[in-house]
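What follows is the residue order along each chain.
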Amino acid sequence: MTINYVGCRAWRNRLAEFSYTEKEECRFLKIANHLRDLGYEIDTGVEGWAAIGVDDRDEYKQVVEDYRKAKRLIKK
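Description of the structure in this document. (Residues numbered from 1 in each chain as written. Predicted model: local features only at pLDDT ≥ 70, side-chain atom pairs only at ≥ 80, totals over all residues. Heavy atoms only, no water.)

Brief notes about the pairing of strand β1 (residues 2–8)
Just so we agree on the cut-off: Strands pair, by our definition, only if DSSP identifies at least two bridges between them. Under the DSSP-based scheme used, a helix requires at least four consecutive residues in state H or I and a strand at least two consecutive residues in state E, with every element numbered from the N terminus.
When β1 meets strand β2 (residues 13–19), the two strands line up antiparallel, connected through seven bridges. In the sheet register, cysteine 8 faces β2, and the bridge partner there is asparagine 13. Hairpin connection, β1 to β2: the antiparallel pair is bridged by four residues, and arginine 12 has positive phi, about 60 degrees.

Thoughts on helix α1 (residues 25–37)
Counted only if it meets this: What a helix is expected to span follows from its residue count: subtract one and scale by 1.5 Å. Each residue is placed in one exposure class: buried if its accessible area under a 1.4 Å probe, protein chains only, is under 20% of its type's maximum, exposed if it is over 50%, and partly exposed if it falls in between. In this context, the arc is that of the directions from the helix axis out to the C-beta atoms.
Taking 1.5 Å of rise per residue, the 13 residues of α1 would be expected to cover 18 Å, and the 18 Å separating its terminal C-alpha atoms lies within 8% of that figure. Taken together, the buried positions of α1 are Phe28, Ile31, Ala32 and Leu35. The buried residues of α1 all sit within an arc of 105 degrees when viewed along its axis, so they share a single face. In α1, the exposed residues that point more than 90 degrees away from the buried face are Cys26 and Asp37. Note on α1: the residue one or two positions beyond its end, glycine 39, has a positive phi of about 105 degrees.

Comments concerning the sheet that holds strand β4 (residues 49–54)
What counts, and what does not: Between the N-to-C directions of two axes lies an angle of 0 to 180 degrees, each axis being a line fitted to C-alpha atoms and, for a helix, fitted only over the stretch in contact. Contacts were defined at the residue level, with two residues in contact if any of their heavy atoms lie within 4.5 Å.
Spatial strand order, β1-β2-β4-β3: four strands in an open sheet with antiparallel pairing. Each edge of the open sheet carries a strand with a single partner, namely β1 and β3 (42–46). Going from strand to strand, the sheet's axes swing by 25 degrees on average, the running direction of each strand aside. Relative to β4, β2 is paired through six bridges, and the arrangement is antiparallel. Its bridge partner lying in β4, arginine 14 is registered against valine 54. Helix α2 (residues 57–73) rests against β1, β2 and β4 of the sheet, and its axis sits at about 165 degrees to β1.

Points about the environment of arginine 27
Put simply, the rule reads: Polar contact is the term for a pair of N or O atoms within 3.5 Å; when the atoms are in protein, one must be able to donate a hydrogen and the other to accept it, and sequence-neighboring residues count only if both atoms are side-chain atoms.
By the element assignment, arginine 27 lies in helix α1. As for arginine 27 and glycine 39, which are separated by twelve residues in sequence, their C-alpha atoms are 19 Å apart. Look past the residues within four positions of arginine 27 in its chain and what remains in contact with it is Met1, Lys71, Ile74, Lys75 and Lys76. In terms of polar contacts, arginine 27 uses its side chain to reach the backbone carbonyl oxygen of lysine 75, at 3.5 Å.

Listed below in structure tokens is the structure:
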């Protein structure tokens, strides 16, 4: 599982973009549900990919922190 910052000024949209393998899907979906419980709107409409819209780098850093905490909580 990975998380990356995607966006630019010209695009006017920034994302915390997640990717995961088929083998990691079950665990990732549990993590995504945990992030939803924290109040994030997460798009999981594409297999192997998910995204959360962010306003800036600071919000992205908060998403990363919450994602890492969730990842430690949810082992399988």
